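Notes for the structure review
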Amino acid sequence: MLSRLDQWDFDVFELSELVPSPVVAVGLALARSYGFVVAAPPVPPAARTARRRRALSQPAGPGEPEAAGGGPQLDYDFDDGDGAEAEAPRVLVDTLVGWLRSVQARYQPVTYHNMVHAADVAQSAHYIMRSGLGGAMAADASLAILLAALMHDVGHFGVTNPFLAATSHPLALAYHDR
């Protein structure tokens, strides 16, 4: 099933019937297809510098390192040891899977803005990037687009902004500009 991720008619609903974690399945398969995943650290942690570290925030688990935003790090490294930039960012597979599980757990069980939709948007972004648009795109931009697609609706309530305003939801009260 995941071997068809490069096809426009990929059926994310069929996938969601086969696997309990579509965000994890699609995210990991796409990261592997771009060469973003490694099984072991590409550079010893002591050799990493702040320039090469990147972090995405999420709540920290017990014993996990803190990122600048207060959560565990989704760390990738461009240095392959020869002084030149590597072609693709590399993320430890265990780190990526943990991050993908955390993202998926934050999706609400709503009709549309849910984890199946997230997997569908990520696959669509991948299809567009691989069908020509992504040819001139840097590898780290491709990674950013795929990660953003996977988490773009995290926490979505499944209702519209006007509904939140009409029901005086705390978010509407805090951010509504009227």
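From a predicted model like this one, the values you see are computed outputs, not experimental measurements.

Here's the deal with the nonpolar core
Burial of nonpolar side chains together is a common tendency in soluble globular proteins. Of all hydrophobic cores here, the largest spans 34 residues; its most connected members are Val 26, Leu 28, Phe 36, Leu 96 and Leu 100. For this core, the elements supplying multiple residues, two or more each, are α1 (12-18), α2 (22-33), β3 (85-92), α3 (93-105), α4 (115-130) and α5 (139-151). Apart from residues no more than four positions distant in its own chain, Leu 100 is found in contact with Val 23, Val 24, Gly 27, Leu 28 and Leu 150.

A closer look at the environment of His 113
Residue placement: His 113 occurs in the loop between α3 and α4. Look at His 113 and you get partly exposed, because its relative accessible area is 21%. Separated by 41 residues in the primary sequence, His 113 and Val 154 have C-alpha atoms spaced 8.1 Å apart. Beyond its immediate chain neighbours, meaning those up to four positions away, His 113 contacts Tyr 107, Gln 108, Asp 153, His 156 and Gly 158.

About the cut-offs
- Residues numbered from 1 in each chain as written.
- Predicted model: local features only at pLDDT ≥ 70, side-chain atom pairs only at ≥ 80, totals over all residues.
- Heavy atoms only, no water.
- Core = buried A, V, L, I, M, F, W, Y, C linked by side-chain atoms within 4.5 Å.
- Buried < 20%, exposed > 50% of the residue type's maximum accessible area, 1.4 Å probe, protein only.
- Helix = DSSP H or I, 4+ residues; strand = E, 2+ residues; numbered from the N terminus.
- Contact = heavy atoms within 4.5 Å.

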